[in-house]
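Report on the structure
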Amino acid sequence: SQQGEEDPQALSIQEGENATMNCSYKTSINNLQWYRQNSGRGLVHLILIRSNEREKHSGRLRVTLDTSKKSSSLLITASRAADTASYFCATDKSYGKLTFGQGTILTVHP
Amino acid sequence: GAGVSQSPSNKVTEKGKDVELRCDPISGHTALYWYRQRLGQGLEFLIYFQGNSAPDKSGLPSDRFSAERTGESVSTLTIQRTQQEDSAVYLCASSLSPGDTQYFGPGTRLTVL
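If you're wondering where the values come from, they're calculated on a predicted model, not measured in any experiment.

Below, the discussion takes up the state of the cysteines. All names here are of chain A. Taken as a whole and assessed by the stated rule, the structure comprises 2 disulfides over all chains. Shown here is the disulfide that connects Cys23 with Cys89, its sulfur atoms set 2.0 Å apart. Residues Cys23 and Cys89 are joined through a disulfide that is right-handed, its torsion about the S-S bond being 65°. Within this pair, whereas Cys23 is found in strand 3 (residues 19–24), its partner Cys89 is found in strand 9 (residues 85–92), the two being separated by 66 residues in sequence.

So, on to the pattern of salt bridges. One pass over the structure, following the stated rule, counts 7 salt bridges over all chains. Between Glu44 of chain B and Arg38 of chain B there is a salt bridge, with its nearest N and O atoms 3.7 Å apart.

Taken together, the contact pairs 20 residues of chain A with 26 residues of chain B. Summed over both partners, the interface of chain A with chain B comes to about 1,700 Å²; 47% of that surface belongs to carbon and sulfur atoms. Counting across the chain A and chain B interface gives 1 salt bridge. Between Asp56 of chain B and Lys97 of chain A there is a salt bridge, with the nearest N and O atoms lying 3.5 Å from each other. Elements that contribute at least two residues to the side of chain A that touches chain B include exactly strand 4 (31–37), strand 5 (43–50), strand 9 and strand 10 (98–100) of chain A.

Further remarks concern the pairing of strand 4 (residues 31–37) of chain B. All names here are of chain B. Of all 7 residues making up strand 4, 7 are buried, and the element is well covered by its neighbours. Alternating positions in strand 4 separate into two faces, Ala31, Tyr33, Tyr35 and Gln37 on one and Leu32, Trp34 and Arg36 on the other, with burial throughout. As paired strands, strand 4 and strand 5 (residues 43–50) are joined by 7 bridges and run antiparallel to one another. Counterpart to Ala31 in the pairing with strand 5 is Gln50. Hairpin connection, strand 4 to strand 5: the antiparallel pair is bridged by 5 residues, and Gly40 has positive phi, about 75°. Of the pairings in the sheet, the one linking strand 4 to strand 8 (residues 88–95) comprises 7 bridges and is antiparallel in character. By the bridge assignment, Gln37 is partnered in strand 8 with Val89.

All names here are of chain B. Within the secondary structure, Phe65 sits in strand 6 (residues 65–69). Sequence-wise, Phe65 and Val19 are 46 residues apart; in three dimensions their C-alpha atoms are separated by 9.9 Å. In contact with Phe65, not counting residues within four places along its chain, are Arg36, Leu60, Thr78, Ile79, Asp86 and Tyr90.

Counting 21 residues, the largest nonpolar core has Met21, Leu32, Trp34, Leu74, Ile76, Tyr87 and Leu106 of chain A as its most contacted members. The set of elements that each furnish at least two residues to this core consists of strand 3, strand 4, strand 5, strand 7 (61–66), strand 8 (71–76), strand 9 and strand 11 (104–109) of chain A. Counting residues in each nonpolar core, the second largest holds 20 residues, with Leu32, Leu46, Ile47 and Tyr90 of chain B among its members.

A complete count under the given rule lists 9 aromatic pairs over all chains for this structure. Their ring planes at 75° and their centres at 6.5 Å tell us that Phe88 of chain A and Phe100 of chain A sit as a pair that is edge-to-face. Taken together, the positions of Phe88 of chain A in strand 9 and Phe100 of chain A in strand 10 put the pair 12 residues apart, joining distant regions of the chain. For the pair formed by Phe88 of chain A and Phe100 of chain A, the shared burial category is buried. Three or more aromatic residues joined by ring pairs form one cluster here, namely Tyr35, Phe88 and Phe100 of chain A together with Tyr33, Tyr35, Phe45, Tyr48 and Phe104 of chain B.

Scoring rules and cut-offs
- Residues numbered from 1 in each chain as written.
- Chains lettered and ligands numbered in written order.
- Predicted model: local features only at pLDDT ≥ 70, side-chain atom pairs only at ≥ 80, totals over all residues.
- Heavy atoms only, no water.
- Disulfide = S-S within 2.5 Å.
- Helix = DSSP H or I, 4+ residues; strand = E, 2+ residues; numbered from the N terminus.
- Salt bridge = Lys/Arg side-chain N within 4 Å of Asp/Glu carboxyl O.
- Contact = heavy atoms within 4.5 Å.
- Buried area = accessible area lost by both parts, 1.4 Å probe.
- Buried < 20%, exposed > 50% of the residue type's maximum accessible area, 1.4 Å probe, protein only.
- Pairing = 2+ DSSP bridges.
- Core = buried A, V, L, I, M, F, W, Y, C linked by side-chain atoms within 4.5 Å.
- Phe/Tyr/Trp six-rings, centres within 6.5 Å; stacked < 30°, edge-to-face > 60°.

This is a description of form; function is not addressed.
Here you go:
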């Protein structure tokens, strides 16, 4: 079974709009992390949220975590064309061994 | 400071050959991870090193895959007798300690012909 599944698989929006991506997982976790990947290469860490946290903010990013529903969401506000990328959630069940989802491809049109 | 570096950035090899991929973690990071990413997929965990502890090899897909790490420094991932299904981007990450933010290298794109 897949731990860390994102939806939607693809999201296309206009610049200035908000983008929301969701992630569901199946087992208990220590923390959940969101990453961005451009052009299929380098991953950039966005936010880490621990299992005892419910919400975190970083600039235009807002992450929520609902451990009872085993789900997380990533909200990007006031999107920009430069936000176009693939976004992955990754769950950490033990000592940092991350399990990644398939990712959401976000396209922001200028 | 310097981030995680990996070499080579691209590697093309023939089926059946052995390849060695290198990862230089961020200085001072005790934890080092290898992941594989097939085209259009998420990352799959391969192996994890923490200090001088025995590595967690639970993600290695077959005995053709092995990895070593010298202390808290460089790591090499070796794939013997490469197969076409080994074609992927191999990513290395390091963190200050287990469970902390992982910083990823740019990856090595391996193509097996």
